[in-house]
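Okay, here's what each chain looks like letter by letter:
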Amino acid sequence: MADGGERSNHLLRRTAGSLLALATLLAAAPAALAEPTAGAYVVPRPRPPADAATANPLATTPPPQTAVPYAPAVTPDTGRPAGREVPLYLVAKLTEEGESIASGMTWRVFRAMADETGKLPLVGSAVGGDAEFRLKPGTYFVHAAFGKAGTTLRVDLMDEVVSETVVMNAGGLKLEAVIDEDLPIDPAEVEFDVLANVAGERVLVAEKVEPSAILRVAAGTYQVVSRYGGVNAVLRADLEVQPGKLTEAILHHQAAEVTLKLVAEPGGEALANTHWSVLSPGGDVVVEDIGAFPSFVLAEGEYAVVAKNANRVYNGAFHVEAGRDRDVEVIATEETVPGRLEE
């Protein structure tokens, strides 16, 4: 029994010595167990960098940032992008109860503040019917024109869409001219002037208006002057234009065309280089011309004529009847010569 105990103690001492040697080896050479290779060499594992902790974003604390206080000013543009524009819609009517005007309108928008030249700058224009503009907030003047009728309104644009309806209070004039009752006139030989009464004075609204043309004007009373032929065949008439309506008028001229000839005998050839003067019964000069056979449109009535040719003066007289064009011959005979011109 004593021998068995001795052997057990000796085995325990050997085991303890082996474990101590192994612990010493591990403590002395930890790299030897780092990463074995197929050969006799050992590749040591690289040491992690000293700042390895910064490689982990979860372990990284961002540097503190300085807070800048900001409080935007409260203005009409707060919360809106710079340079924004506000829509402006414009509609025109002839009358309050009428339909919108589909064509013929001219719109001009001016900024209310004058520029360096002292004028209101034009910022937009449009033609046709309804109009749409996109403008920066501010105050504007809008001028609406329908032919010769026009009006101006002030518009303040802020944040909301603005719609304006303009009542033009306008109508139209359509003019025709005939000779006597119904004889047509060549449109190239007649034209009209239209005048309005402003503060007791006649103001020209439109001139040289062609027959059958529609003239758009503001409602009111106008004087129409019809000129046929360019001499003294002139008619005047007062016409009233009502809003939203077309006023049509036919003016009846009492006139005719006359062609003058100075001849040596009835039916003879006209003498060239003749100076002509047509006179009223009172002796006033109605028209003058030079040529062999000048033509004039003259109002109905009596006339005297003086023909001057080769330093001689010849007289004549004739009557104009409405609608009856005619040739007037002045016979160059000694009996019709009242005297000689001084050389």
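As a convention, each chain's residues are numbered from 1 in the sequence order in which they are written. Two thresholds apply to this predicted model, a pLDDT of at least 70 for residue-level local features and 80 or more for giving and counting side-chain atom pairs, whereas whole-chain, interface and lining totals are computed over all residues. Calculated side-chain values reflect all of the structure's heavy atoms, with hydrogen atoms and water omitted.

Draft legend 1. Region of interest: the sheet that holds strand β14 (residues 233-241). Strand order in this open sheet of 4 strands is β11-β10-β13-β14, and the pairing throughout is antiparallel. Lying at the two open borders of the sheet, with one neighbouring strand each, are β11 (201-209) and β14. Strand-to-strand, the axes of this sheet are offset by a mean angle of 25°, without reference to chain direction. As paired strands, strand β10 (residues 190-198) and β11 are joined by 6 bridges and run antiparallel to one another. Counted as the bridge partner of V194 is A206 from β11. A pair of strands is considered paired only if DSSP assigns at least 2 bridges between the two. Helix numbering and strand numbering both begin at the N terminus, where a helix is a DSSP run of H or I of at least 4 residues and a strand a DSSP run of E of at least 2. For helices, the fitted axis covers only the stretch in contact; all axes are lines through C-alpha atoms, and the angles between them, taken along N-to-C directions, range from 0 to 180 degrees.

Draft legend 2. Looking closely at the sheet that holds strand β1 (residues 86-93). Spatial ordering of the open sheet is given by β4-β1-β7, a layout of 3 strands whose pairing is mixed. The open sheet is flanked by β4 (131-135) and β7 (162-167), the only strands paired with a single partner. Strand after strand, the sheet turns through a mean of 20° between neighbouring axes, direction not considered. Examined bridge by bridge, β1 and β7 share 6 bridges and lie parallel to one another. Within β7, the residue paired with A92 across the bridge is V166.

Draft legend 3. Seen up close, the pattern of salt bridges. Here, a salt bridge means any Lys or Arg side-chain nitrogen found within 4 Å of an Asp or Glu carboxyl oxygen. Applying the stated rule across the entire model yields 6 salt bridges. Between R227 and D193 there is a salt bridge, with its nearest N and O atoms 2.5 Å apart. Of this pair, R227 sits in strand β13 (residues 220-228) while D193 sits in strand β10, placing them 34 residues apart in sequence. Of the residues examined, R227 reaches a relative accessible area of 32% and is grouped as partly exposed. The exposure class assigned to D193 is buried, which follows from its relative accessible area of 14%. Working definition: with a 1.4 Å probe on protein chains only, accessible area under 20% of the residue-type maximum means buried, over 50% means exposed, and in between means partly exposed.

Draft legend 4. Quick peek at the side chain of S226. For S226, the location among the structural elements is in strand β13. Dropping the residues within four chain positions of it, S226 is found in contact with A177, V190, E191, F192, A233, V234, L235, L251 and H253. Contacts between residues were defined by any pair of non-hydrogen atoms, one from each residue, lying within 4.5 Å.

Draft legend 5. Expanded view of the pairing of β13. For β10 and β13, the ladder comprises 7 bridges, and the chain directions are antiparallel. Looking at the pairing, D193 lines up with V225 of β13. Note: β13 against β14, 9 bridges, orientation antiparallel. What sits directly across from Y222, in β14, is L239. Connecting β13 to the next strand, β14, in antiparallel fashion are 4 residues, including G229 with a positive phi near 85°.

Draft legend 6. Highlighting the packing of aromatic side chains. Each Phe, Tyr or Trp ring, with Trp reduced to its six-membered ring, pairs with another whose centre is within 6.5 Å; inter-plane angles below 30 degrees give stacked pairs, above 60 give edge-to-face pairs, and intermediate values give tilted ones. Under the definition given, this model contains 1 aromatic pair. Aromatic side chains Y303 and F318 sit 5.5 Å apart centroid to centroid with 20° between the ring planes, which places their arrangement in the stacked category. With Y303 in strand β20 (residues 301-309) and F318 in strand β21 (residues 312-320), this residue pair connects regions lying 15 residues apart in the sequence.

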